[in-house]
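Structural overview for review
Each chain, letter by letter, is given below.
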Amino acid sequence: MTKQKIKRTVLKHQLLTGEKATLKLEENDVFQFLKSLKPGSVDVLVTDPPYAGMNQYLKLGKGRIVGKYADKGKEDGKWFKEFADTEENYRTFLEACQRAINPETGHLYLMFDSYSMLSLAPLVREYFEVKNMITWDKVNIGMGHYFRRRHEFIIFATHGNTRKIRNRSFPDVWRFKRQHRAAWPTQKPVELFQAMIYASAEPGFTVCDPFMGSGSAAVAALLNECHFVGCDSSDQAYKLAVKRLTGFLNTGKDFVQPKSAAVAGEKIFWEEPL
Ligand SMILES: C[S@@+](CC[C@H](N)C(=O)[O-])C[C@H]1O[C@@H](n2cnc3c(N)ncnc32)[C@H](O)[C@@H]1O
């Protein structure tokens, strides 16, 4: 693997305690980035990897349906680099996460679509203690050929510790509207990451997303009074995330996700008590 040139931006935000917290955003490859972190320095790792499972396994008619983006003028005909859906690649990723996450406090939230779920998710148990499988109900239905897709999965695991989540009455089905015509392809709602971070982090904790895309998890970390470290190998994603977080810190507004993804009238975690 060739070494990727690293660009880095460090932003500061003030916690309610008056202390400063940092948001470190890098343009970097996931493996190079995770290796660069101090072992055990991450309290909560939340991430949404760019799986290639659907491309590999969902064969329709004569060929593949996804990845046909050439007409959209993207490099290699793809919006962004995919993450090879192989056991070897995923094991390397899980080992790198295991090294970076704090054994005493570490919680992990790994997102999966239905395709990579079947091939890769069972491996997670070999590295972490899987506690539950959360379903993200995207509320607004997406595309699909054999049933239209309206959900994704999130594996919740610990680094073998028994640290609890904030409130044991939180449910394992989360309803937040998917981001349609978003600034970044596959952009996830900030609320999805807020749910993970609110459940698992205390103020001052370090949250990590090594496939940060537009930086949705970084916004959620900021809203939960946490430090953030994250990277994306795409220059476009890195620049968008830096612009988004800088804008958010200066104005309190999120130009990448201007509207809430919460469903009107439905209770969300951080509006306790449940
Ligand atoms: C599913 S998207 C994440 C979207 C993000 N959660 C958001 O809300 O915007 C996956 C991201 O992984 C990035 N990526 C692909 N290969 C990578 C690699 N080897 N290292 C780091 N990032 C990578 C892509 O550029 C893409 O932005």
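Bear in mind the structure is a predicted one, so any value in this text is a computation, not a measurement.

**A word on the overall build of the protein**
Across its full length, the protein carries seven helices and eleven strands. A total of 274 residues make up the protein; the buried ones form 39% of that total.

**Let's talk about helix H3 (residues 87-100)**
In a regular helix each residue adds 1.5 Å, so 14 residues correspond to 20 Å; H3 covers 20 Å between its end C-alpha atoms and thus fits that length. Contacts made by the buried residues of H3 are with helix H1 (30-36), strand E3 (44-47), strand E6 (107-112), helix H4 (114-127) and strand E10 (206-209).

**Considering the environment of Met133**
Inspection of the secondary structure puts Met133 in strand E7 (residues 129-137). By C-beta crowding, Met133 is classed as partly exposed, having 14 other C-beta atoms within 10 Å. A sequence separation of 24 residues divides Met133 from Tyr109, and the C-alpha atoms of the two residues are 9.4 Å apart. Residues within four places of Met133 in sequence aside, it is in contact with Phe153 and Ile155.

**Digging into the pairing of strand E8 (residues 151-158)**
Of all eight residues in E8, six are buried, a share of seventy percent or more. As paired strands, E6 and E8 are joined by six bridges and run antiparallel to one another. The residue of E8 that forms the bridge with Leu108 is Ala157.

**Here we look at the nonpolar core**
Counting residues in hydrophobic clusters, the biggest one holds 65 residues, and the most contacted among them are Val46, Ile197, Val207, Ala218, Ala221 and Ala241. Among all residues touching Ala218, those that are not within four sequence positions of it are Leu23, Leu25, Asp209, Met212, Phe228, Gly230, Ala241 and Leu245.

Thresholds, definitions, all that
- Residues numbered from 1 in each chain as written.
- Predicted model: local features only at pLDDT ≥ 70, side-chain atom pairs only at ≥ 80, totals over all residues.
- Helix = DSSP H or I, 4+ residues; strand = E, 2+ residues; numbered from the N terminus.
- Buried ≥ 20, exposed ≤ 12 C-beta atoms within 10 Å, placed from the backbone.
- Expected span 1.5 Å × (residues − 1).
- Contact = placed C-beta atoms within 7 Å.
- Pairing = 2+ DSSP bridges.
- Core = buried A, V, L, I, M, F, W, Y, C linked by C-beta atoms within 7 Å.

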